[in-house]
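# Structural features, examined
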Amino acid sequence: MKINKLYRLFTLFGLMLFCICNVAMAQTDGVEVTATVVDEQGSPIEGVDVFSPNGNKTSTDIEGQFKIKLRDDESVVLEKKGYVSAIVAMSDLIGNITMKKSPFLASGDDELNMGVATKYRRNIVGAVSSINTKDRLTYDNTQRVRDYINGLQLGVRGSDNIRGIGGVGDAVFVIDGVIGRDPNILNMEEVEQITVLKDANSVALYGSQGRNGVIVINTKRGKANKKEVNVNIISGIRAPISLPNYLGSAAYMNLFNEARNNDGLDDFFSPSLIQEFRTSTNRYKYPDVDLYSKEYVQRLVNFTNVITEFSGGNDKNQYYVNVGWNREDAWVDINEDINAGTNRFNVRGNLDFKINDWITSSLDGIAVISTTKSSRADLLSAGTTLRPNAYSPFLPVDLIDTSDPTIAGQLLAANTFDGFLLGSTQQFGSDAPIALAIAGGFRNRVFRSTQFNNTINFDLDRITKGLSAKTYLSFDFFDSYDLTIANQFKTYEPIWEGDRITGLADFGIDLKDQTQSPTTNGFLSRFGLYGLINYDTTFAKDYSLNTTLLGFYNSQRRNDVIQTDVDAHVGLQMAFDYKKKLFFDFTGTYVNSIKLPKGNRGAFSPTSGIAYIISEEPFLKNSKFINFLKLKASGGILKSDRGITALNSGGTVNDDASAYYLYDVNYSFGGNFNWADGNTNRRIDISHGENLDLTFEERIDLNLGFETYLMNSLWIEANYFKTELDKQITFLQDQFPSFYNTFRPYNNFNKNLYTGFEIGMNFNKTYEDLSITLGANVLYSQTERSIRSEVFAEDYLRTQGREISTIFGLVDQGFYGEADFDTNGNLNTGLPVPQFGIVQPGDIKYQDLNGDNIIDNDDRRAIGQSSSPWTYALNLNLNYKRFNLFVLGVGQSGADGNKLSGGFNEYYSVDGNDKYSEVVLGRWTPQTASTATFPRLSSQTNQNNFRQSTFWLFDTSYFSINRAQLTYEFEDAYCKDLGIKGLSLNLSGTNLFEIGKNRDVRQLRIGTTPLARTFTLGIRASF
């Protein structure tokens, strides 16, 4: 089987890498070497960590001395926080070794790998935030990369939206230098650093794709002379926080009768039948089925995650290998033969090696395979529509009267399941969802991902000092497919006499599928390369210049898409600094797009930034209060084609249409039409007209900010930003007559404005055995539709000048009462007349905004917004001796949700033959007119009540304890006795607690995987 072959390949690949690296790192006795480490003033440095190639580690004593065993050709690595790390050959370990002190924010821990460029945090002039995972993973053991972004990264809303620009998921991910990779295939153990680039100057080198910000993820790499083996085992349970609550059979039948009565119809269910459903002990004859009950949806699911890392190397070759396995049970697992759930395997190998004195290279290989096995029925979805009294999914064999030979023969030939036949009705036939889940076979969904990177670095000092070059090549392939066993099976509808089944109507046939049928879910292949030349020099002692010239190309193909997505650009970045306190950046990028007409396919994007470390000036340099203060400003214009997508006539995005050739007239075959002579011709349709002036969208950006470190304990960073997205494409609504709509071209016209601020703080203090770290960040992002082409009958319907996510709808005025109607059931004279169908007492009454005495779509106005302007987070880390407590809380405010959107729609908009949820218990009746929270019930389609309006909006503000973890780290002496370097135990939980007015609605998931609370026990060991 392909899956087993791939798994064996993964395992072999990991073992090969591990063996090769261990052979290269084989230990030898060597000779003992003694040396002394001093600072630039000649004073000994205590506590310098010294690493040898065989994995041994020692530290300098109070005299700065250390002893270590080395072979003749080996080197040692020297490290100490606040000093520049050094690699020293054995032949140079004579006398004193001098380590240079690194400036503040310019040590190894402060180096930010921003994908195509690397800078120290001190030298950054733009809005950039970053997290290093070193040490954090011990006390925050979550394994999802997105969880590490949400709440911990300043300026990020959720896990993939930066400053509210664009929409959810609009920030582009760059993983190990490759644009567009999916972070969901990573586990956090692989990740070394996550960096967020927010302003235009920071993202400029990414060309068009950087328009909405960039999230850069760099995976771990081996370190010279640091041999490590780490094992992380996590096991836990998930429990649903909230599940849909649907009414039982008797309640449903009673209320459905009420709905029919409201429509002037007779009862559908007799009172005696309802009473049987309410009181009978025969649950097979009078079923009460709830697919969200414990019988079908598990209240606890188990999962296990095992990850092993191997890393090390010397000054010539380094390696990092990550091998992981994850297993998670399914929420619905009613067929023991299927063993539903997900298994995921991954292996990563990152190799760095030295080719000669001036060329180094790296090879990265990644493979992931994930299989999810499930029944062919989606019971979570079916549970939203299957009425509780529809049928019994199981028919006990012992209730079947076999005195009739025909029935006895049916039973003899039937497949039974634990003593039951599979039940159904004429309506469902052999498509009964529970029967399909049990007897219909299974679906095995397979996801595979392979990735390859190669980097070659050239040190060109032999040409001129400070000159270097780099090439980067990558190839990714993702695909997903289903392997399905589609069994056919019989279902039965019983005929009851008393409590015995005296007849069976059957549907379908029993036939086992003999082969697995594959069907594709799609594939994606990506090829990327870039090359850069870098020149770094210092002149006149105090002046430095770093120049980078970049050429970038990326192409991507998807299944069923003819056109290959291509992104290409060249960029030039010049970074100048004076005395490492005044910094100036200029970046110019020339982007190319094949989405635009010839002559408009290239554009220049200039950006620049300046930063001034004012704390280096004499009047602040020795301040005990202000240890560091940097002021910064950046701005620029980015040209991008990322927002150029096909639109529907109303201006919404058309995901099914190509984003290419929008500048050209688009013809397609339409329907047929007949001539009087009987001949037929086919119509030629036009979707839009020609516009050869179509050009790039523009991001016009300004960022002002500061960074400061106070009293050696408090870090504060703040930024004000103003961003315009101009020249967005649209159909002009107000410049063409309506009959010309078909011929309208695309135009660069719309503009959005994003303004706001972000503030991040981090406080760290140690009191003897207690260490406290408290972090907080706040993002305020206000958006506006600055320019729109639109035509509305009423000014209050215009979207220009409003928040981008503004929700338009009717304003509810409560419910119509009986006093609003005359004796004939007509609305009283003078009341506005709704145009959404005939209304009755208990229907929602809407405000007549324009005073025309008619309620229609012209009475809609802005009633809320779906995007939160305020997002914030708090994180606390307490360390006392060997114990550590980490807590993360996140929140948002200022936005509204809509109960009629997405999956909520089937839960709240109940009419016709819909299943009834608990929300209908608050329905309007003459007796509950003053307390009702839901409109009257109707067995017909109600066009009036379930329209977007203030009635269905709810405040989505909340604050939640997103996760917490308690960790115990065993003492070094105990670990040494066990023969290991480190050992820790942790207990963690996620989605622990939430404060919010409407948390019951926010936490509800309809027809899909429930929101879960998770508890895990983990062990982490290093060797």
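What you are looking at is a predicted structure, and each value in this text was computed from that prediction instead of being measured. (Residues numbered from 1 in each chain as written. Predicted model: local features only at pLDDT ≥ 70, side-chain atom pairs only at ≥ 80, totals over all residues. Heavy atoms only, no water.)

This next bit is on the overall build of the chain. If you tally the helices and strands in the chain, you get 13 helices and 52 strands. What you see for the chain is a C-alpha radius of gyration of 34 Å, in line with the 31 Å of a compact globule of 1023 residues. Principal-axis analysis of the C-alpha atoms gives the chain an extent of 105 × 75 × 70 Å. The proportion of buried residues among the 1023 residues of the chain is 51%. Put simply, 69% of the contacts in the chain that link residues at least 6 apart link residues at least 24 apart. When the accessible surface of the chain is totalled, it reaches about 46,900 Å², and 53% of it is carbon and sulfur. (Helix = DSSP H or I, 4+ residues; strand = E, 2+ residues; numbered from the N terminus. Rg over C-alpha atoms; globule rule 2.2 N^0.38 Å. Buried < 20%, exposed > 50% of the residue type's maximum accessible area, 1.4 Å probe, protein only. Contact = heavy atoms within 4.5 Å. Areas by Shrake-Rupley, 256 points an atom, 1.4 Å probe, with all protein chains shown as cover.)

This brings us to helix α5 (residues 249-262). Taking 1.5 Å of rise per residue, 14 residues should cover 20 Å, and α5 covers 20 Å from first to last C-alpha, within 8% of that figure. Among the 14 residues of α5, 10 are classified as buried, and the element is accordingly described as predominantly covered. On its buried face, α5 is in contact with α6 (271-279). G264 sits one or two positions beyond α5 and adopts a positive phi of about 80 degrees. (Expected span 1.5 Å × (residues − 1).)

In the predicted model, the chain carries a mean pLDDT of 93, and the fraction of residues at 70 or more is 97%. Within the model, pLDDT remains below 50 along residues 1-28, and this stretch shows 37 contacts once partners closer than five positions in the same chain are excluded. (pLDDT = per-residue confidence, 0-100.)

As a further point, take empty space enclosed by the protein. All chains considered together, the criterion is met by four cavities of 30 Å³ or more. What the largest cavity holds in volume is close to 160 Å³. Surrounding the largest cavity, 15 residues form its lining, M114, K119, N201, S202 and Q573 being those nearest its centre. Looking at side-chain class alone, the lining of the largest cavity contains nine nonpolar, four polar and two charged residues. (1 Å grid on protein atoms, 1.4 Å probe; cavity = no way out; pocket = protein on both sides within 12 Å on 5 of 7 lines; lining within 4 Å. Points joined across faces, edges and corners; volume = space filled by probe spheres on them. Nonpolar A, V, L, I, M, F, W, Y, C, P; charged D, E, K, R; others polar.)

Before going further, it helps to spend a moment on the environment of N389. Assignment of secondary structure puts N389 in the loop between α7 (379-382) and β22 (394-396). For N389, the contacting residues outside a window of four places in its chain are S249, Y252, M253, F269, F277 and P287.

It is worth spelling out the pairing of strand β45 (residues 861-865) at this point. Counting buried positions along β45 gives four out of five residues, so the element sits mostly inside the fold. Both strand β40 (residues 806-809) and β45 contribute to a ladder of four bridges, which runs antiparallel. Residue pairing in the sheet places F808 in a bridge with A862 of β45. (Pairing = 2+ DSSP bridges.)

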